[in-house]
Amino acid sequence: MAKKKLDHLIAEAKKAQQERARSYREQALKILPWICGRCAREFVRERLRELTVHHKDGNHDNNPPDGSNWELLCIYCHENEHARVEDAKFEKPGKSGSDPVSRHRAFEGLDALLKKKRK
Ligand SMILES: [Zn+2]
Ligand SMILES: [Zn+2]
């Protein structure tokens, strides 16, 4: 039946779309050079897990196939990129402290950085 075929095609298209969304990282890595957009560090396949996909508009569901919403950032620059935004939002004036230092220290441990999820 034509209707059934159409349903099937729609289901396939939806599935494909979902898979595309889920694998945007792979897609981004496929079409973008493996270079951090901030520090210009180049990556080889063995170090690729340190390269992450940043969504320029902050919307992880916005994944145009041409990659126009993606930016590849190393985890350090990606962390910084979001920290910058959060600092702007949450920084309290007059708060003296060792923030830049503690942030710097986080760079020493890759695992700690990966585990430490920002709220
Ligand atoms: Zn970087
Ligand atoms: Zn990001």
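Attention here is on the structure that accompanies the text. (Residues numbered from 1 in each chain as written. Chains lettered and ligands numbered in written order. Predicted model: local features only at pLDDT ≥ 70, side-chain atom pairs only at ≥ 80, totals over all residues. Heavy atoms only, no water.)

**Points about the nonpolar core**
- Cys 36, Phe 43, Leu 51, Val 53 and Leu 72 are the most contacted members of the largest nonpolar core, which totals 13 residues.
- When residues of this core are traced back to their parent elements, those giving at least two are α2 (24–31), β1 (51–55) and β2 (70–74).
- No other element matches β2, which puts 4 residues into this core.
- With near-sequence residues (within four places) excluded, Leu 72 lies in contact with Ala 28, Leu 29, Leu 32, Pro 33, Trp 34, Ile 35, Cys 36, Gly 37, Leu 51, Thr 52 and Val 53. (Core = buried A, V, L, I, M, F, W, Y, C linked by side-chain atoms within 4.5 Å. Buried < 20%, exposed > 50% of the residue type's maximum accessible area, 1.4 Å probe, protein only. Helix = DSSP H or I, 4+ residues; strand = E, 2+ residues; numbered from the N terminus. Contact = heavy atoms within 4.5 Å.)

**A closer look at the pairing of β2**
- For β2, the tally of buried residues reaches 5 of 5 residues, placing the bulk of the element in the interior.
- The two faces of β2 match: Trp 70, Leu 72 and Cys 74 on one face and Glu 71 and Leu 73 on the other face are all buried.
- Two strands pair when backbone bridges link them, and β1 and β2 are joined in this way by 5 bridges, in the antiparallel orientation. Each bridged residue has a counterpart across the sheet, and for His 55 the counterpart in β2 is Trp 70. (Pairing = 2+ DSSP bridges.)

**Comments concerning a nonpolar patch on the surface**
- The grouping of Leu 6, Leu 9 and Ile 10 at the surface amounts to a nonpolar patch, some 280 Å² of accessible area in total.
- By relative accessible area, Leu 6 is classed as partly exposed at 48%. (Patch = residues over 30% accessible without salt bridge, like charges linked within 9 Å, V, L, I, M, F, W, Y side chains within 5 Å. Areas by Shrake-Rupley, 256 points an atom, 1.4 Å probe, with all protein chains shown as cover. Salt bridge = Lys/Arg side-chain N within 4 Å of Asp/Glu carboxyl O.)

**Here we look at α2**
- All of the buried residues in α2 are Tyr 24, Ala 28 and Leu 29. Seen from one end, α2 has its buried residues packed into an arc of 135°, which puts them on one side. Summarising the geometry of α2, the exposed residues directed more than 90 degrees from the buried face are Glu 26 and Lys 30. (Arc of directions from axis to C-beta.)

**Describing the coordination of the zinc ion (ligand 1)**
- Those protein atoms acting as donors to the zinc ion (ligand 1) are Cys 36 (SG), Cys 39 (SG), Cys 74 (SG) and Cys 77 (SG), and they sit at 2.3 Å.
- Around the zinc ion (ligand 1) sit 4 donor atoms, and with donor-metal-donor angles ranging over 102 to 116° the site reads as tetrahedral. (Donors = N, O, S within 2.8 Å, 3.2 Å for Na, K, Ca; no water. Tetrahedral: all angles 85-135°; square planar, octahedral: opposite > 155°, others 65-115°.)

**Focus on the coordination of the zinc ion (ligand 2)**
- Surrounding the zinc ion (ligand 2) are the protein donor atoms His 54 (ND1), His 78 (NE2) and His 82 (NE2), at 2.0 to 2.1 Å.
- Positions of the donor residues of the zinc ion (ligand 2) along the chain correspond to the pattern H-x23-H-x3-H. Linking His 54 in strand β1 with His 78 in helix α3 (residues 75–90), this pair joins segments that are 24 residues apart in sequence.
- Given a relative accessible area of 7%, His 54 falls into the buried group.
- By relative accessible area, which is 15% here, His 78 ends up buried.

**Focus on the pattern of salt bridges**
- This structure, assessed with the given rule, holds 6 salt bridges.
- In this structure, Glu 71 engages Arg 38 in a salt bridge whose closest nitrogen and oxygen atoms are separated by 2.9 Å. In this pair, Glu 71 is assigned in strand β2 and Arg 38 in the loop between α2 and β1, connecting sequence segments 33 residues apart.
- Classification of Glu 71 by relative accessible area gives buried; the value is 18%.
- Salt bridges sharing partners connect three or more residues here, namely Arg 38, Glu 71, Glu 81 and Arg 84.

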